[in-house]
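Chains, contacts and geometry: an overview
Next come the chains, spelled out residue by residue.
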Amino acid sequence: MGVVLVHGVRTSRTMWRPQLEALDRAGVPAVAVDLPGHGSRAGERFTLDGAVEAVAAGVDGLGGRALVVGLSLGGYVAIAHAARRPGQVAGLVAAACCTRPRRVLVGGWSALAAGIGRLPDGGARLNDGFARRLVGERGLADLGAGGFTLEVMPDVLREVGMLDPVAALGAVSAPVWLVNGRYDHFRADERRYLAACRDGRLVVIPGATHLVSVVAPVSFMRVLLEAHDEVGTD
């Protein structure tokens, strides 16, 4: 059983380099995809339909069925993909996305993103400074190796604002792992998410923040491998 990894907003598939290395050592086939508007697809407009198709293509490349793992934006996309393409999903790990994208929340983020986008460098220095403080030099190197696409935020926020991940989880029959850092600001609705799952479990990683796979890679990898072990014979 293969693993498809789906990155967060503004970064790219390179954020998953440590996990890809660990999965390779474990003999697990894996691929990290670039979503529209990110990484190798930076010239494209982000749409949810295009993002779901990117995940579907990654799964097809691994034989048509996989454990799908997404973080933050990637988590929202992975949930949407699982609801739309249930036959492709042996299991779902949705990390750092357990807040429903209420319109008031998305509106606030949209205003903030617009303000940052008006900075002379488009917010690049601010982005790098926050990332370095939160994840350190190695984490920043992995997050930024494919480039930071700050201009994608308006499209992402518009598309994410239309999602209902709680309803989508209710349509997912595969096992679901909801993974959050203890100090993640995107875990406000984790209990509602868990209640919506037909076969769900919640994992909270002590000491970790929003980018849980980057700041707590060992703990996150343990959850990923446990999920793979459970669905690997599916």
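Residues numbered from 1 in each chain as written. Predicted model: local features only at pLDDT ≥ 70, side-chain atom pairs only at ≥ 80, totals over all residues. Heavy atoms only, no water.

Right, let's get into the overall build of the protein chain. Secondary structure assignment for the protein chain yields 10 helices and 6 strands. Within the span of the protein chain, comprising 234 residues, buried residues form 51% of the whole. In the protein chain, the proportion of contacts linking residues at least 24 apart, taken out of those at least 6 apart, comes to 73%. Total accessible area computed for the protein chain in this model is approximately 10100 Å², and 54% of it derives from carbon and sulfur atoms. (Helix = DSSP H or I, 4+ residues; strand = E, 2+ residues; numbered from the N terminus. Buried < 20%, exposed > 50% of the residue type's maximum accessible area, 1.4 Å probe, protein only. Contact = heavy atoms within 4.5 Å. Areas by Shrake-Rupley, 256 points an atom, 1.4 Å probe, with all protein chains shown as cover.)

We now examine the nonpolar core. Counting 40 residues, the largest nonpolar core has Val77, Leu92 and Leu169 as its most contacted members. A per-element tally of this core places helix 3 (residues 73-84) first, with 7 residues. (Core = buried A, V, L, I, M, F, W, Y, C linked by side-chain atoms within 4.5 Å.)

This part is about the sheet that holds strand 1 (residues 2-6). Paired through their backbone hydrogen bonds, the strands of a sheet run either parallel or antiparallel. A sheet is described by the order of its strands in space; here 6 strands give the open sequence 2-1-3-4-5-6, paired in parallel fashion. Each edge of the open sheet is held by one strand with a lone partner, namely strand 2 (30-33) and strand 6 (200-205). Across the sheet, the mean angle from the axis of one strand to that of its neighbour is 15 degrees, orientation sign disregarded. The pairing of strand 4 (residues 89-95) with strand 5 (residues 176-181) spans 4 bridges and is parallel. (Pairing = 2+ DSSP bridges. Axes fitted to C-alpha atoms, helices over the stretch in contact; angles between N-to-C directions.)

This model, assessed by the stated rule, comprises 1 aromatic pair. Just above the ring of Trp177 sits the side chain of Arg201; from NZ or CZ to the centre is 4.3 Å. (Phe/Tyr/Trp six-rings, centres within 6.5 Å; stacked < 30°, edge-to-face > 60°. Lys NZ or Arg CZ within 6 Å of the ring centre and 35° of its normal.)

This part is about the environment of Arg201. Within the fold, Arg201 resides in strand 6. In this structure the C-alpha to C-alpha distance between Arg201 and Trp177, which are 24 residues apart in sequence, comes to 5.2 Å. Apart from the residues lying within four places of it in its own chain, the contact partners of Arg201 are Pro175, Val176, Trp177, Leu178, Leu194 and Glu230. Within polar-contact distance, the side chain of Arg201 engages the side chain of Glu230 at 2.9 Å. (Polar contact = N/O pair within 3.5 Å; in protein donor to acceptor, adjacent residues only side chain to side chain.)

Mapped onto the elements, Leu194 comes out in helix 8 (residues 190-196). For the pair Leu194 and Cys98, spaced 96 residues apart in sequence, the C-alpha separation works out to 9.1 Å.

Judged from the 4 bridges that link them, strand 1 and strand 2 form a sheet pairing that is parallel. Its bridge partner lying in strand 2, Val3 is registered against Ala30. A crossover links strand 1 with its parallel partner strand 2, the connecting element being helix 1 (residues 17-25), and its sense is right-handed. (Right-handed = clockwise from strand over helix to strand, strands pointing away.)

As a further point, take helix 1. Inspection of helix 1 places Gln19, Ala22 and Leu23 among the buried residues, and these make up the whole buried set. Down the axis of helix 1, the sector holding all buried residues measures 100 degrees, keeping them to one side. Seen from the buried face of helix 1, the exposed residues on the opposite side, beyond 90 degrees, are Asp24 and Arg25. Where the residues of helix 1 are buried, they touch strand 1, strand 2, helix 9 (212-215) and helix 10 (217-231). Positive backbone phi, approximately 75 degrees, marks Gly27, located one or two places after helix 1. (Arc of directions from axis to C-beta.)

On to the environment of Asp49. Its place among the elements puts Asp49 in helix 2 (residues 48-61). On the accessibility criterion, Asp49 (48% relative accessible area) is partly exposed. Along the primary structure Asp49 and His81 are separated by 32 residues, whereas in three dimensions their C-alpha atoms are 9.1 Å apart.

Once that is clear, we can look at the packing of helix 1 against helix 10. Axis separation between helix 1 and helix 10 bottoms out at 11 Å; the angle between their running directions is 50 degrees. As summarised for this structure, helix 1 and helix 10 are arranged oblique, according to the angle between their axes. When you trace helix 1 past helix 10, the crossing you get is right-handed. Together, Gln19, Ala22 and Leu23 of helix 1 and Pro217, Phe220, Met221, Leu224 and Leu225 of helix 10 make up the contact between the two elements. For the contact of helix 1 with helix 10, the residue count by class is 7 nonpolar, 1 polar and no charged. (Parallel < 35°, antiparallel > 145°, perpendicular 65-115°, else oblique. Left-handed = near helix turned anticlockwise from the far one by under 90°. Nonpolar A, V, L, I, M, F, W, Y, C, P; charged D, E, K, R; others polar.)

Without other data, these values stay purely geometric and don't point to any function.
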